[in-house]
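So the chains spell out like this:
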Amino acid sequence: MTNAKSVEKLTHNINIFYVSMGMKGMAITMPHAVLTLIFLSKGMTYSQIATIQAFYSMAVVLFEFPSGVLADRYNKKSIFIMSNITMLFCYVMVLFFDSFVMMALAWFLYGISNAFETGTIDAHIIVSIKRTCHGDEVQKKLEKFIGTGSSLTAAASIAGAGLGFALYQLIDIHLYYLMIVFMSMSALLIFFQYKYRDVDREGRDTRMKQLVKDSFKELKNSPSLRWIILCFGALQMYLQVHFQMWQSFFLEVGYNEKLFLGFYLLFQIITIIVYKLPISKIMEHYLFCSAIGGIGAAIFLYLSSHKVLTLVLYCIPVVVIFMLGYYLQTIYNLKVKEENISSLTSLSSTITRCFSVVTLLAASMIIDAFSLKVLYLVFPILSIAFVSLICKKLMRHS
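Residues numbered from 1 in each chain as written. Predicted model: local features only at pLDDT ≥ 70, side-chain atom pairs only at ≥ 80, totals over all residues. Heavy atoms only, no water.

**Regarding the overall build of the chain**
Here's step 1: Along the chain, the regular secondary structure elements total 15 helices and zero strands.
Here's step 2: For 398 residues, the compact-globule estimate of 2.2 N^0.38 gives 21 Å, and the chain sits close to it at 21 Å.
Here's step 3: Principal-axis analysis of the C-alpha atoms places the extent of the chain at approximately 60 × 55 × 35 Å.
Here's step 4: In the chain, which comprises 398 residues, the proportion classed as buried is 52%.
Here's step 5: At a minimum sequence separation of 6, the contacts of the chain that also span at least 24 residues come to 84%.
Here's step 6: Distance between charge centroids for the chain: 4 Å, based on 33 positive and 22 negative side chains. (Helix = DSSP H or I, 4+ residues; strand = E, 2+ residues; numbered from the N terminus. Rg over C-alpha atoms; globule rule 2.2 N^0.38 Å. Buried < 20%, exposed > 50% of the residue type's maximum accessible area, 1.4 Å probe, protein only. Contact = heavy atoms within 4.5 Å. Lys, Arg positive; Asp, Glu negative; His and termini not counted. Charge placed at Lys NZ, Arg CZ, Asp CG, Glu CD.)

Structure representation (structure tokens):
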């Protein structure tokens, strides 16, 4: 295939992937603003809701790395479609069953679906970029692909959550029928329109045991990859606190819960803006300025009692953490070998989720012993400081 045709095929596949992920993102986020209400309407207690969510996390941890190995051995396109089909089973169960056991099983399937998606079509596109582009163009193209994909995910989250909130007032649980339509369209678009040729496995030993061995061997021989994965975990020190506790934080400082939808939209807009930035250039020239800004904002957030100023100060570490995460994603995908990309991406995600669990347990102890504000002081400082130092180390060795 000539380079012109390769570029044309790559552009086509990227556009198909964006549309497919936009539909899938909308389907996933439609119930987010009303999920607790849905569970309560099915007779769940708050403790049961927490247990149901735990089944999701358990499934992701158990299946993420194995699914990545499967994606490296088998057809990534097929694994992605299996992810969507598994999600469809979850939606059907939510629609037609009300018991705690069935909800726990549905969320376990949700976790499996999420695990199966990791390192599939996105990994195939990253490999294609590496093989189609050359020199500095590879990093620029990877940065653009990751940034645009993340911005699209955030935009889909805004649209999905808003649409789901409105539809729930009108049709209640039946909004899941529309979610089924979006999820099915996402799978069908990839099945019929995504041009896939599995060149990753040509001339390669694809036995499961060998794939696992090769993945760990690459990790062992690459200090940069180990540092990046450790940074992914360190970012969770703040990200999990932000994602899981921002509502509690703003209630504590005196904001009305009616403003939460606006805050949710604000955080999604921040994500879109961050992932539109020329992140490599910014990190190269302004890494420590960004780190000092994020750490300083965390300190002033702890001292502040002014509501509007508190909101502004809260957003600054969010921006810095998102920027660091974006930069690390780009460098990670640039450094990882093509043949192990799915396995190592899934392994990285699994390790990161383990960090998330430890982070939330530690956060719970800090809140009990001190306060929520102390948590928002300590975790962003540790996370930003550690990751910034490692990023500087990676820049010196790149």
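**Some details on the packing of aromatic side chains**
Here's step 1: Tallied over the full model, the rule gives 24 aromatic pairs.
Here's step 2: Between Tyr91 and Tyr176, the aromatic rings sit 5.6 Å apart at their centres with planes inclined by 80°, giving edge-to-face as the arrangement. Within this pair, whereas Tyr91 is found in helix α4 (residues 76-96), its partner Tyr176 is found in helix α8 (residues 175-193), the two being separated by 85 residues in sequence.
Here's step 3: In this structure Tyr176 comes out as buried when scored by relative accessible area, which is 2%.
Here's step 4: Ring centres of Phe232 and Tyr332 lie 5.7 Å apart, and the angle between their planes is 65°; on these two criteria the pair is classed as edge-to-face. Of this pair, Phe232 sits in helix α10 (residues 223-252) while Tyr332 sits in helix α13 (residues 307-335), placing them 100 residues apart in sequence. (Phe/Tyr/Trp six-rings, centres within 6.5 Å; stacked < 30°, edge-to-face > 60°.)

**So, the packing of helix α7 (residues 136-171) against helix α11 (residues 260-274)**
Here's step 1: At a closest axis distance of 8 Å, the pairing of α7 and α11 adopts a crossing angle of 160°. One way to sum up the angle between α7 and α11 is to call them roughly antiparallel. In this structure, the crossing between α7 and α11 has a hand that is left-handed. In this structure, α7 contributes Ser150, Ser151, Ala154, Ala155, Ser157, Ile158 and Ala161 to the contact, and α11 contributes Tyr264, Leu265, Gln268, Ile269, Thr271 and Ile272. (Axes fitted to C-alpha atoms, helices over the stretch in contact; angles between N-to-C directions. Parallel < 35°, antiparallel > 145°, perpendicular 65-115°, else oblique. Left-handed = near helix turned anticlockwise from the far one by under 90°.)

**Regarding the packing of helix α3 (residues 46-73) against helix α5 (residues 100-117)**
Here's step 1: At their nearest, the axes of α3 and α5 sit 7 Å apart, and the two run at 30° to each other. One element, α3, and the other, α5, form an angle in the roughly parallel class. The interaxial crossing formed by α3 with α5 has right-handed handedness.
Here's step 2: A per-class count over the contact of α3 with α5 returns 17 nonpolar, six polar and one charged. (Nonpolar A, V, L, I, M, F, W, Y, C, P; charged D, E, K, R; others polar.)

**What about the state of the cysteines?**
Here's step 1: Taken as a whole, this structure holds zero disulfides when the rule is applied.
Here's step 2: Cys289 forms no disulfide, and the closest cysteine sulfur to it belongs to Cys391, at a distance of 15 Å.
Here's step 3: Take Cys289: its relative accessible area is 55%, and that puts it in the exposed class.
Here's step 4: Summary of cysteine pairing: Cys391 is not part of a disulfide, and the nearest cysteine sulfur, belonging to Cys231, is at 5.5 Å. (Disulfide = S-S within 2.5 Å.)

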